[in-house]
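Commentary on secondary and tertiary structure
The primary structure of each chain is shown beneath.
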Amino acid sequence: MSGASSGVRIGVDLGGTKLLAVAFGATGAVLAERRVETLSGSGADRIVERVAELVESLEVPRDRLEGVGVGFAGLVDHRTGHVDSSVILPGFDDYPLRARLEAQLGCRVVVDNDATAAGLGEHVASGRNQDELLLVLTVGTGIGGAIVHRGRILRGASNTSAEFGNMTIDWQGEPHSCGNRGCLNTFASGPAIVGEALRRTAAVGGLLAAREGRLPAGATLEAVAAAAADGDDACRQAIERGADALGTGIANLLNAFNPDRVALAGGVLGLPPWFLERVVATARGRAFGPNARAATIGACREPLLCGARGAAELTREVADGR
Ligand SMILES: [Zn+2]
């Protein structure tokens, strides 16, 4: 692993649903990519093996490999690569993810939060604008965030900045696993939208499942979107509610940060275009005027790739001690 300019960096996006590994060339070109299901219930050690298998399958010669970066869907210390916990990936509590991956792969590995990686990936994909204050929200199984200021991740006092999913939308709302109630996660994450659709359809099985926080097989965000497109009012209203909550959360961010740009990635971008349009309109309508006018709000440049691109970039970033 020399510092040769021809070096290849591998980025892994380790989420609750999908596991994506991408090899990037020195100029950022995608050389190879592989995607599989995470199988989040299979346990940490098995998932580590799957990550290693996926990385090996990219067939990057070891003498060209600069490092492997992993964006992990949970709380992780990027300096040590040690996982504190994950709501989305069970079995990773207090888990030495970097050490286990380095043992499997026999090369240098960097681990960071997946939304942090996505933020850095969006910064890179959009031309490394050093003057920009960029906020990224990843809205999928959970809602994560990143703050990129002048090309650097703003990590905060306890390395847990940009917990945008846990910001309060309704201070009297439903409890969330983070300990708060009424946070953005309870309204606009994929499971929250699906749960709301089930509540609104008032099907007994669906209602019980939604109350208990588990969803029957087949009830996916895609299914809710398809039903809404077919004229199902309950499903459409559930998506609208998610959009309104997300737009409200972004309005709060616009007021707090006055960013140049807010970029979104994650599973909710698979919803019909009116979802994002409604999010943007709500955010602009609620934010303080100058803040609303100053910000560009839209999808990430590479919504499916930014997590992996950022993870690869982290091999450079964290090596620099940032
Ligand atoms: Zn929360």
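Note that the structure is predicted; figures quoted are calculated from it, not measured.

What about the sheet that holds strand S7 (residues 109-113)?
Judged by pairing direction, the sheet is mixed, and its five strands sit side by side in the order S3-S2-S1-S4-S7 without closing on themselves. Edge positions in the sheet fall to strand S3 (30-37) and S7, since each of these pairs with one other strand and no more. If you compare each strand with its neighbour and ignore which way they point, the axes differ by 15° on average. Alignment of strand S1 (residues 8-14) against strand S2 (residues 18-24), held across six bridges, turns out to be antiparallel.

Here's the deal with the pairing of S3
Two elements, S2 and S3, share seven bridges in a ladder whose sense is antiparallel. Bridge pairing in S3 links Ala-21 to Arg-34. Between S2 and the antiparallel strand that follows it, S3, lie five residues; Gly-28 among them carries a positive phi value of about 95°.

With respect to the nonpolar core
Grouped together as the largest cluster of nonpolar side chains are 92 residues, with contacts concentrated most on Ile-10, Val-12, Val-51, Val-70, Val-136, Val-224 and Ile-239. In terms of residues, this core owes the most to one element, helix H8 (residues 233-257), which gives nine residues. No fewer than three residues from each of domain 1 (8-120 + 305-317) and domain 2 (130-299) sit in this core. When near neighbours in sequence (up to four residues on either side) are disregarded, Val-12 contacts Leu-20, Ala-21, Val-51, Val-55, Val-68, Gly-69, Val-70, Gly-71, Ala-308 and Ala-311.

Points about the sheet that holds strand S9 (residues 143-149)
Strand pairs in the sheet, formed through backbone hydrogen bonds, run parallel or antiparallel to each other. Across the sheet, which stays open at both edges, the five strands sit in the order S10-S9-S8-S11-S12 with mixed pairing between neighbours. Where the open sheet ends on each side, the last strands, each with one partner, are strand S10 (152-153) and strand S12 (296-299). Alignment of strand S8 (residues 133-139) against strand S11 (residues 261-265), held across five bridges, turns out to be parallel. Residue Val-136 lies in a different strand from S11, and its bridge partner there is Ala-263.

Describing the domain arrangement of the protein chain
Reports often express the size of an interface as the amount of accessible area lost when the parts come together. Looking at the assigned domains, one finds that the protein chain contains domain 1 (8-120 + 305-317) and domain 2 (130-299). Put simply, the middle of domain 1 and the middle of domain 2, counted by C-alpha atoms, are 25 Å apart. Of all elements in the fold, only strand S5 (75-77) and helix H3 (114-125) reach the threshold of two or more residues within the side of domain 1 that touches domain 2. Broken down by element, the side of domain 1 that touches domain 2 gets its largest block of residues, six residues, from H3. Classifying every residue of the side of domain 1 that touches domain 2 gives seven nonpolar, six polar and two charged.

Description of unusual backbone geometry
When glycine is set aside, most residues are seen to have a negative phi, and most peptide bonds are trans. One non-glycine residue with positive phi stands out, namely Leu-39, at about 55°. Looking at where Leu-39 falls in the secondary structure, it is placed in the loop between S3 and helix H1 (44-57). A positive phi is found at Arg-150, a non-glycine position, where the angle reads about 50°. As for its placement among the helices and strands, Arg-150 is situated in the loop between S9 and S10.

A closer look at the packing of helix H5 (residues 190-201) against H8
Relative to each other, H5 and H8 sit at 140°, their axes nearing to 8 Å. One way to sum up the angle between H5 and H8 is to call them oblique. Here H5 and H8 pass one another in a crossing that is right-handed. Residue-level contacts link Ala-192, Ile-193, Glu-196, Ala-197, Arg-200 and Thr-201 of H5 to Ala-234, Cys-235, Gln-237, Ala-238, Ile-239, Arg-241 and Gly-242 of H8. Within the contact of H5 with H8, the residues separate by chemical class into seven nonpolar, three polar and three charged.

Some points on the pairing of S2
Burial analysis of S2 places six of its seven residues in the buried class, which makes it a mostly covered element. Between S1 and S2, which pair antiparallel in sequence order, lie three residues.

Definitions and limits used
Residues numbered from 1 in each chain as written. Predicted model: local features only at pLDDT ≥ 70, side-chain atom pairs only at ≥ 80, totals over all residues. Pairing = 2+ DSSP bridges. Helix = DSSP H or I, 4+ residues; strand = E, 2+ residues; numbered from the N terminus. Axes fitted to C-alpha atoms, helices over the stretch in contact; angles between N-to-C directions. Core = buried A, V, L, I, M, F, W, Y, C linked by C-beta atoms within 7 Å. Buried ≥ 20, exposed ≤ 12 C-beta atoms within 10 Å, placed from the backbone. Domains from an automatic or database assignment. Contact = placed C-beta atoms within 7 Å. Nonpolar A, V, L, I, M, F, W, Y, C, P; charged D, E, K, R; others polar. Parallel < 35°, antiparallel > 145°, perpendicular 65-115°, else oblique. Left-handed = near helix turned anticlockwise from the far one by under 90°.

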